[in-house]
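# Summary of the model geometry
Okay, here's what each chain looks like letter by letter:
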Amino acid sequence: MERTFVILKPDAVQRGLVGEIIARFERRGLKLVAMKFMQVSDELARKHYAVHAERPFFAGLIQYIVSAPVVALVLEGTNAIAVVRNTVGATKPAEAAPGTIRADFGLEIGRNLVHASDGPDTARDEITLWFGDDLVAWGRAVDAWIFE
Ligand code: IDP
Ligand code: MG
């Protein structure tokens, strides 16, 4: 069973898409194991996006992510990392496949609604950075109908 980290970015929250986006993950069968509504600090934003520190869009990216509250969550399920990336869609909404979140709700790369971990190492590091050990292990009655 795999875990991945997701942020509903400020544009998703401001546009009232929190429920719509989380519903897509829930319907897919993924299980919420952590979630919080929060204002991101400049320090946390810089740590989270440290890999992009030298990129020309870094300053704008930090400004965007701290500009208004976000929802941070951890999802668990079979192949959760790849499944969530595929559900979110390509980084540029114009190139995202129809039916993905970024294609259905976005137009621009700098307002692409959702962050999702891109591999096992980043998933582990991001979960620790945003939640520490504060995850909830729980069983769902429906698990046997989702996980073989
Ligand atoms: P990802 O979110 O699909 O993993 P990354 O390449 O890791 O994409 O970039 C992180 C975030 O930085 C993107 O989601 C987007 O918000 C922003 N970003 C990436 N490239 C650009 C760009 O060229 N212009 C503006 N923002 C960008
Ligand atoms: Mg990324």
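### Examining the pairing of strand 1 (residues 2–8)
Among the seven residues of strand 1, five are classified as buried, and the element is accordingly described as predominantly covered. With seven bridges connecting them, strand 1 and strand 3 (residues 70–77) associate as antiparallel partners. When the bridges of strand 3 are listed, Thr-4 appears paired with Leu-75.

### As for unusual backbone geometry
Trans is the common state for peptide bonds, and a negative phi is the common state for residues other than glycine. You will see that Asn-79, though not glycine, has its phi angle at about 55°, which is positive. In this fold, Asn-79 is placed in the loop between strand 3 and helix 5 (80–88). Here the phi dihedral of Leu-113 falls at roughly 75°; this positive angle occurs in a residue that is not glycine. You can call Leu-113 buried: its relative accessible area is 0%.

### A short note on the site of ligand 1
The environment of ligand 1 is formed by Lys-9, Tyr-49, His-52, Phe-57, Leu-61, Arg-85, Thr-91, Arg-102, Ile-109 and Asn-112. Contact between ligand 1 and Arg-102: an oxygen atom at 3.1 Å from a side-chain N or O atom of the residue. Within the contact set of ligand 1, an oxygen atom lies 3.3 Å away from a backbone nitrogen or oxygen of Ile-109. Relative to its free-state accessible area of 530 Å², ligand 1 is covered by the protein chains to the extent of 76%. Across the shell around ligand 1, the residue classes tally to four nonpolar, three polar and three charged.

### Here's the deal with the sheet that holds strand 1
An order of 2-3-1-4 is seen for the four strands of this open sheet, with the pairing classed as antiparallel. Looking at which strands have only one partner, the edges of the open sheet turn out to be strand 2 (31–38) and strand 4 (114–116). The mean angle between the axes of side-by-side strands here comes to 15°, regardless of whether they run parallel or antiparallel. In the packing of helix 2 (residues 18–28) onto the sheet, contacts are made with strand 1, strand 2, strand 3 and strand 4, and the angle to strand 1 comes to roughly 165°. This element, helix 5, spans strand 1, strand 3 and strand 4 of the sheet and lies at about 30° to strand 1.

### Description of the side chain of Asp-11
For Asp-11, the position within the fold is in helix 1 (residues 10–14). There is no salt bridge for the buried Asp-11, and the closest opposite charge comes from Arg-15, which lies 5.2 Å off by N-O distance. Asp-11 has contacts with Tyr-64, Arg-111, Asn-112 and Leu-113, leaving out every residue within four places of it along the chain.

Basis of the calculations
Residues numbered from 1 in each chain as written. Chains lettered and ligands numbered in written order. Predicted model: local features only at pLDDT ≥ 70, side-chain atom pairs only at ≥ 80, totals over all residues. Heavy atoms only, no water. Buried < 20%, exposed > 50% of the residue type's maximum accessible area, 1.4 Å probe, protein only. Helix = DSSP H or I, 4+ residues; strand = E, 2+ residues; numbered from the N terminus. Pairing = 2+ DSSP bridges. Near = heavy atom within 4 Å. Polar contact = N/O pair within 3.5 Å; in protein donor to acceptor, adjacent residues only side chain to side chain. Areas by Shrake-Rupley, 256 points an atom, 1.4 Å probe, with all protein chains shown as cover. Nonpolar A, V, L, I, M, F, W, Y, C, P; charged D, E, K, R; others polar. Axes fitted to C-alpha atoms, helices over the stretch in contact; angles between N-to-C directions. Contact = heavy atoms within 4.5 Å. Lys, Arg positive; Asp, Glu negative; His and termini not counted. Salt bridge = Lys/Arg side-chain N within 4 Å of Asp/Glu carboxyl O.

Note that every value here comes from positions in space, so none of it alone points to a role or purpose.
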